[in-house]
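So you can see what is in the structure, the chains are spelled out below.
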Amino acid sequence: MIELIQSSLRLSTPLVFAALGGLLCERAGVATICLEGVLLISAFTAATVDVFTSSPLTSILVGMIAGSAFMGLHALLTQKAKADHIISGVAINILAAGLPPLLSQAWFGSSTNTPSVPSNARLSEPAIIAAALILPLAMHYLIYRTSFGLRLRSAGDGPEALQTSGISVGRVRTLALLLGGALTSLGGSYLSIGHSSQFLRDMTAGSGFIALAAIIFGKWRPIPVFLASLFFGFTEALPMILQGVTWRGLSLPVQWIQAIPYVLTLGILVTTVGSARPPRAIGSK
Amino acid sequence: MNHSPLIEFKKVSKRYGSISANDQVSFAIYPRTFHGIIGENGAGKSTIMKILYGLIKPDSGEIFHNGHQVVFKTPQEAIQAGIGMVHQHFMLVPTLSVWENVILGLEPNRFHIDQSSAISRIASLQNDFGFNLNLSAPVESLSLGEQQQVEILKLLYREARILILDEPTAVLTPQEVTVLFDKLTSLKEQGKTIVVISHKLKEILNYTQTVTVMRSGKVIATKETIDLTEEDLSQLIMGRERSPLRKRKLFPVNTQPVLKLHQLSTSTKSAHKLNNINLDLYPGRILGIAGIEGQGQQELVDVLCQVEPFTGTALLFDTPLNATSAYSKRQAGFSLIPPDRQKEGLILNFSNADNFILGHQDEDRFRKHGFLSPYQIRQFSQTLMDRFDVRPANPTLPARALSGGNQQKLLIARETSSEVKFLLACHPTRGVDIGSIEFIHSHFLHLAEKGASILLISSDLDELLTLTDSIAVIREGTIVFESATSNLTLKELGLWMTGAKT
Amino acid sequence: MDDWSKDVKQLLSVTLALLVSLILVVLLLFLMGEDLTSLTEALKYTFFNRFGLGYTLFYTTPLIFTGLSVALCFHAGLFNIGAEGQLLWGALSVVALAKAFPNLPAGLALPLAFSVSAIAGGIWGFLPGYFKARRGTHEVITTILLNFIALSCVNYFILYPFKNPESQSAETSVMPAGYQLHTLWFPTTPVNASLAVAIAIALAVYVFLFRTSFGFELRTMGQSPRAAVFSGVSLQKRTLAVFVMSGALAGLVATNDILGNEHKLIEGFSPGYGFTGIAVALLARNHPIGIIFSSFLFGSLQNFSRELEFFTQNISKDVSLIVQAVIIILVSTRDFWQRKKQI
């Protein structure tokens, strides 16, 4: 039982960062299916920097810069060049899927993983998990009690009003994306050098999309989104528990077990969230 | 007037292609006055104010503010100079509260917002100017009249000295109009300068001190309002006598209704569900639906278009509405002019020709060997565009390339080309130029003379009063009042719409 | 005149996208200290000999199917990011069919296999359509989740019920002779008759979209759902139908890879055809005929990156993903560049 809670927390952590980071972007009116790509690229960057520096702090910072840069690209494409948000997100996901193996092959001679780092070069798991637990409160404050939050909500719900009151919608959204990218990257870095000791190809395995589902399930509000992320983390922990379980000598095939989080996520989305109201101007150019 | 002008326009011009939106516009606005700008749709009233406000760049001409030449490049520069504008479409964030909307963009603190001090500051502001809004309510829960007050409060919070309102009464009831103009008059007495853009004679005559009349981009006259009568003003606006709508030959009485709604209700979660609607519409008659926006008009349209489920009886051409398909309904003579022609009636990215088959795509006349024939579709649309004088009459252009009036004519051409027995027309002349309005109105009379029944949903009460045989008032999803149009006055309609009379 | 200049502009922007990509690749070779002759070798084995061209055409076929699948949904204003999952079920169903009826003659087996792969893809496509139409769940998120689920399920079948007991790797047994589409035109390469089928289907999709009222209604709903509703179209029914059709198109990918080449289902056989389909559709602006050509382009890219990996020391074939992303970015911002030029 304790084990289940522990691994739920561990698996929730990247989801919490990605979901709350993505929440910031979505509340500002930018659709972010590129969360997956940002997670992936920050995980790879942090792992790579860690190999060379053995400094987890430097690694996580560079990881955040890389993730922010990718979100910055999303901002450039959607806000400046007026590209469709989903299409831009798809392009970024493809880019983030292609870069790590290419670079990893060039630098480390293997396109499937980066070298493992020693345990003293890894992030402190409790510290990151603690940060993930405090984050929702900070986000609540930022979104509902600050002038930046006011402008952020306006950019998502009434961009014309924001623009006519003299604030650049593009700038507010870009800022939200950069900040959201940095937060998401904390989750990505945690995946590679906190939870694990190296970057593995496609190691995010859809966490970005599950985080997106958590945003929808949490109806775009920080605390519920946080709770939804915890829940989805729990569904990801289930397979680990179920893996060893046998019943009358039969064990569940690992492929079925791996599908559980996705099936549960899909089931929850389809059965409960039909009527959720997204930010009014989401996806607008 | 012995002041020097607060704002002065000198020979300001703006062209869009071959059309002159503003042609050598010159006039002055004096401080602490109530100034009206009047003209028909497309006369250039909004354009000149948007030029002042920094939203549109003029091609030539000069603007003076307090005697100094100014060029505002953005609305923010105009606001800093004390000029504020309320747009026709409100610029509010629906989910935010009133106070949040007011401070948006000019928050009292850099980062942390102290809610209680912000609220008390706005509360004292609205006290000073005689407003009484619930500051913590989300804006989407307010009536349109109240939302307009939020817009004005926003400008006062920014210490605007000149308030420009673009068609402020388009969405208001007659009673709300009175409230608004009383507020504006008292603001003027507190030292503000008020500019109202309108095409309604009575508002301008009753409240303004000075009026500038515009017609096809030019200033025709700027006069003291006291010196003008309604006839003078009308003459100035039109440049000719307003041609009264011809008298309609009434279609013979027929007791079999085309449309019969009996105890009709809707049950969806929508805020304005219909409740026990009873209506009968007879051949050759025009029935108007009056009401404040969002009282169930949309739901009524949705029910008749079979988008919204309902309970009760709805008979169209003696057939229950839920026992018929959209296709067979159209075949039987059902036509529709939806409320939003650009999103619901036309596909702006499609060619004019393709727009002509929208809703008729299953009909054999557009096919050859079972497949849609672009040639036949083009031929058909060319004929109709010529007949209805849609310009430019080119079927291959996208509908986006047409002006609002021509888009509406295209829509009406499509909907009334085959035999019409029942026409559901929603705001058919909204945002349409005066020439097209006359065309549309006389076309409606023509249809009714041939026996078509028309259900006319409109927020333009004058249109309802001139065109219909009877009017039903809808409020909170219920028909609260129905009467023959000849017994009705504007004022009485307003009282029923607001619920002052029940 | 208008149409003509639009076509030229389109051609120019595609050329620009390709040029940028090529420069990127050269730069990469340079940075990695690779021999530049590897580039010319790879190009030769993509376009300039029979063997290379054969493989390029082989990679073109599945992209025509997934490109059409994505484009059909795009026309109706819907995103199908689930072609990857739909094509997996298509592949599995063909293998299952062969297992159930191993002795069918080719004349019966092949048409049946085509139909079954389309039906299986269509069923998986039905799900996001149903969720969207009935529950209002956004199709982007559901199709992505369904991809993961399809992958797990199909892998299970490859590893357990359908596993080839004699093989060390994760793959099914080879299908009987009746289920093998024979290669055509280019000996020793796997390009096969399903390419002709793909081109024929692209033409059919064109006629469907632009010459039938059903297609007209789909395009109407893609432009303005309200206008479609008011013209008497049921959005729910159309959403379901278009997703089933999209899924069926994606399911047909199996005919190229399974019937035409490997004759068995190997774990991870699709290098992301479903996602590349998005790029294919975008580049062609969702035009069915254009998709044939843009599929050829991305098919070449697929083959080229494979060859590049072969001829270089340290470049992995994932370089194709980078080029894909660059092309999507350039194409999706095309309006922006054109606006820039006007100012």
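Computed from a predicted structure; not experimentally measured.

Caption draft 1: Up close: the nonpolar core. Judged by nonpolar contacts, the single largest core of 180 residues is most densely connected at Ile81(C), Tyr179(C), Leu259(C) and Leu265(C). The leading source of residues in this core is helix H3 (residues 50–75) of chain C, at 13 residues. One finds Ala399(B), Leu411(B), Val432(B) and Ile437(B) within the second-largest nonpolar core, a separate group that totals 51 residues.

Caption draft 2: Molecular detail of the packing of aromatic side chains. Applying the stated criterion to the full structure yields 37 aromatic pairs over all chains. Arranged with centres 6.0 Å apart and planes meeting at 50°, the rings of Phe217(A) and Phe232(A) form a pair that is tilted. Taken as a pair, Phe217(A) in helix H9 (residues 207–217) and Phe232(A) in helix H10 (residues 222–243) lie far apart in primary sequence, 15 residues in all. Taking relative accessible area as the criterion, Phe217(A) reaches 28% and is therefore assigned partly exposed. Among the residues examined, Phe232(A) registers a relative accessible area of 0% and is labelled buried. Aromatic side chains Tyr156(C) and Phe157(C) sit 5.5 Å apart centroid to centroid with 70° between the ring planes, which places their arrangement in the edge-to-face category.

Caption draft 3: Structural detail: the interface of chain C and chain A. The interface is formed by 41 residues belonging to chain C together with 43 residues belonging to chain A. Note on chain C versus chain A: buried area summed over both sides is about 3,600 Å², and carbon and sulfur give 81% of it. The salt bridge involving Asp318(C) is made with Arg201(A); its shortest N-O contact spans 2.5 Å. For the interface between chain C and chain A, the tally reads four residue pairs in polar contact (both at pLDDT 80 or more). Of all the secondary structure elements, the ones that give two or more residues to the side of chain C that touches chain A are helix H5 (106–135), helix H6 (139–159), helix H12 (273–283), helix H14 (319–332) and helix H15 (334–342) of chain C. Among the elements that make up the side of chain C that touches chain A, the one with the highest residue count is H6(C) (13 residues).

Caption draft 4: Highlighting the interface of chain C and chain B. Across the boundary between the two partners, chain C contributes 17 residues, which contact 25 residues of chain B. Interface of chain C and chain B: buried area, both sides summed, is about 1,800 Å²; carbon and sulfur atoms make up 64% of it. Summed over the three residues of chain C that lose the most area to chain B, namely Arg211(C), Phe216(C) and Phe230(C), the buried surface amounts to 38% of that side. Seen at the junction of chain C and chain B, the total is two salt bridges. For the salt bridge of Asp302(B) with Arg226(C), the shortest nitrogen-to-oxygen distance reads 3.4 Å. For the interface between chain C and chain B, the tally reads 10 residue pairs in polar contact (both at pLDDT 80 or more). Of all the elements in the fold, those that place two or more residues in the side of chain C that touches chain B are helix H7 (194–211), helix H8 (213–223) and helix H9 (225–230) of chain C.

Caption draft 5: Local environment of the environment of Asn261(C). Residues and elements named next belong to chain C. Looking at where Asn261 falls in the secondary structure, it is placed in helix H11 (residues 253–262). Here Asn261 falls in the partly exposed class, since its relative accessible area comes to 26%. Asn261 sits 151 residues away from Leu110 along the chain, and the two C-alpha atoms are 14 Å apart. The residues touching Asn261, leaving out its near neighbours within four places in the chain, are Phe58, Pro190, Asn192 and Asn256.

Cut-offs used in this document
- Residues numbered from 1 in each chain as written.
- Chains lettered and ligands numbered in written order.
- Predicted model: local features only at pLDDT ≥ 70, side-chain atom pairs only at ≥ 80, totals over all residues.
- Heavy atoms only, no water.
- Core = buried A, V, L, I, M, F, W, Y, C linked by side-chain atoms within 4.5 Å.
- Buried < 20%, exposed > 50% of the residue type's maximum accessible area, 1.4 Å probe, protein only.
- Helix = DSSP H or I, 4+ residues; strand = E, 2+ residues; numbered from the N terminus.
- Phe/Tyr/Trp six-rings, centres within 6.5 Å; stacked < 30°, edge-to-face > 60°.
- Contact = heavy atoms within 4.5 Å.
- Buried area = accessible area lost by both parts, 1.4 Å probe.
- Salt bridge = Lys/Arg side-chain N within 4 Å of Asp/Glu carboxyl O.
- Polar contact = N/O pair within 3.5 Å; in protein donor to acceptor, adjacent residues only side chain to side chain.

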